[in-house]
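Here is how the chains run, residue by residue.
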Amino acid sequence: MEKRAGRQYRCSAWRRRNLPILFLFFFFFFLVFSGAASAAGNGKTHARRINPGRNSSRSNSGFGVQLVRRGDPQRVTIDNGIVAVTFSSPDGDVIGIKYKGIDNVLETLNDDDNRGLRATDFRVVMQDDEQIEVSFTKKWEPSDATVPLNIDKRYILRRGSSGIYMYAVLERLEGWPDVDMDQIRVVFKLQQKLFHFMAISDDRQRVMPLAKDRITGRPLAYPEAVLLTHPSNPEFRGEVDDKYQYSCEDKDNKVHGWISEEPAVGFWMITPSDEFRVGGPIKQDLTSHVGPIVLNMFTSTHYTGKDLNTAYRNGEPWKKVLGPVFVYLNSGDTSTLWRDAKEQVTLGHYSK
């Protein structure tokens, strides 16, 4: 997972009866499965109307939303003059986000084959000057050695919006094999040379160690916990880095992310509602951590174990919309970026 830039939906550990397979959805969207299969239904999910809230940039409001292909059939870009998001096609992985003169805020040094659940078909759900919604889909077949699900990965870009909405529709049909879905999450890996300051809440913000500091450190009782013995910043020597240190309860997991000092840019994961998550408001889960990594945990067994596993047996059908969530980018004085990101949570991005 940590080896690839962009965003994906990931099936992090699907096992088809003792056969371990690791899948990734968008550029970082993880989905952990165990067991059996699922295929796509005939019903279509229609375009989702998004309320842009007040995150629009007036200076660019005259720029309509555009879908761009630049001669490469395996790349498609949607652009509103503020952010430009590039996808692999038809896989549906986010491979680039251009913003404020940064050609790609996502890590570019990772292998292209380290992704998750890949789609096979691309289509434009809707397109006008105000909004574009694109869909990347895959229908499961019994002959597939992949996660037994029908997948529909959706992305929405609006005029004047400094960010992109994303959601997924997952489905298994009646009669399909047994399946456990341990973990479903969205993940982005950002440019390591840019993003060094992480913010989870008003009182949980700091400059973070680098990914290489974990490599040179000493592993402790479990892989996630590492004693920093030779960090790039000597002030971190003797600290323990562990992604679980940055967990929080779902009811409080509304916004988190990273800040680049030069240029002064923020990258934020915003989840105004957690109604689609599994486990209730006081379930704890991961947020952001060293990488720099930004997560959105839709389902997981973290802090609960298999008792909260999402299991489907005896051919039971299932369909669920996960999200939408909003990836927000902002710029300006670094001291104001966190406050601005927090304000986005209350702006009513989703129309009723």
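For the structure, see preceding data.
Residues numbered from 1 in each chain as written. Predicted model: local features only at pLDDT ≥ 70, side-chain atom pairs only at ≥ 80, totals over all residues. Heavy atoms only, no water.

Participant: For the sheet that holds strand β16 (residues 218–219), give the residues involved together with the corresponding values.
Facilitator: Pairing within the open sheet is antiparallel, and its three strands lie in the order β16-β17-β18. The two strands at the open ends of the sheet, each matched to only one other strand, are β16 and β18 (240–241). (Pairing = 2+ DSSP bridges. Helix = DSSP H or I, 4+ residues; strand = E, 2+ residues; numbered from the N terminus.)

Participant: Pulling in residues and values, what's your account of the pairing of strand β24 (residues 293–299)?
Facilitator: Two faces belong to every sheet, and in a regular strand the side chains alternate between them. Burial of β24 is extensive: seven of the seven residues sit out of reach of the surface. Inspection of the sheet shows strand β23 (residues 288–289) paired to β24 by two bridges, in the antiparallel sense. When the bridges of β24 are listed, His289 appears paired with Ile293. In this antiparallel pair of consecutive strands, β23 and β24, the connection spans three residues. (Buried < 20%, exposed > 50% of the residue type's maximum accessible area, 1.4 Å probe, protein only.)

Participant: Now, about the side chain of Asn296: what can you tell me, with residues and values included?
Facilitator: Residue placement: Asn296 occurs in strand β24. Not counting chain neighbours up to four residues away, the residues in contact with Asn296 comprise Ile184, Arg185, Val186, Met269, Thr271, Arg277 and Val325. (Contact = heavy atoms within 4.5 Å.)

Participant: Could you give me a rundown of the packing of aromatic side chains, with the residues and numbers involved?
Facilitator: Under the defined criterion, the tally for this structure stands at 12 aromatic pairs. Between Trp268 and Trp338, the ring centres sit 5.6 Å apart and the planes meet at 55°, which makes this aromatic pair tilted. With Trp268 in strand β21 (residues 265–270) and Trp338 in helix α2 (residues 334–345), this pair connects stretches of sequence that are 70 residues apart. We classify Trp338 as buried; its relative accessible area is 9%. A centroid spacing of 5.1 Å and a plane angle of 85° characterise the contact between Phe276 and Phe298, whose relative ring orientation is edge-to-face. Of this pair, Phe276 sits in the loop between β21 and β22 (284–285) while Phe298 is found in strand β24, placing the two residues 22 residues apart along the sequence. The same class applies to Phe276 and to Phe298, which are both buried. In textbook terms, an aromatic cluster arises when at least three aromatic residues are bridged by ring pairs, as seen for Phe87, Phe122, Phe136 and Tyr155. (Phe/Tyr/Trp six-rings, centres within 6.5 Å; stacked < 30°, edge-to-face > 60°.)

Participant: So what's going on with α2? Which residues, and what values?
Facilitator: Each α-helix winds once per 3.6 residues, and so residues spaced three or four apart point in a common direction. All of the buried residues in α2 are Leu337, Trp338, Ala341, Gln344 and Val345. Projected onto a plane normal to the axis of α2, the buried residues spread over an arc of 115° and lie on a single side. On the buried face of α2, the contacting elements are β14 (195–201), β15 (204–207), β20 (255–260), β21 and β26 (318–331). (Arc of directions from axis to C-beta.)

Participant: Describe the environment of Thr310, naming the residues involved and giving the relevant values.
Facilitator: Among the secondary structure elements, Thr310 is positioned in strand β25 (residues 310–312). Judged by its relative accessible area of 14%, Thr310 falls in the buried class. Thr310 sits 131 residues away from Val179 along the chain, and the two C-alpha atoms are 8.4 Å apart. Beyond its immediate sequence surroundings of up to four residues, Thr310 is in contact with Val179, Asp180, Met181 and Val278.

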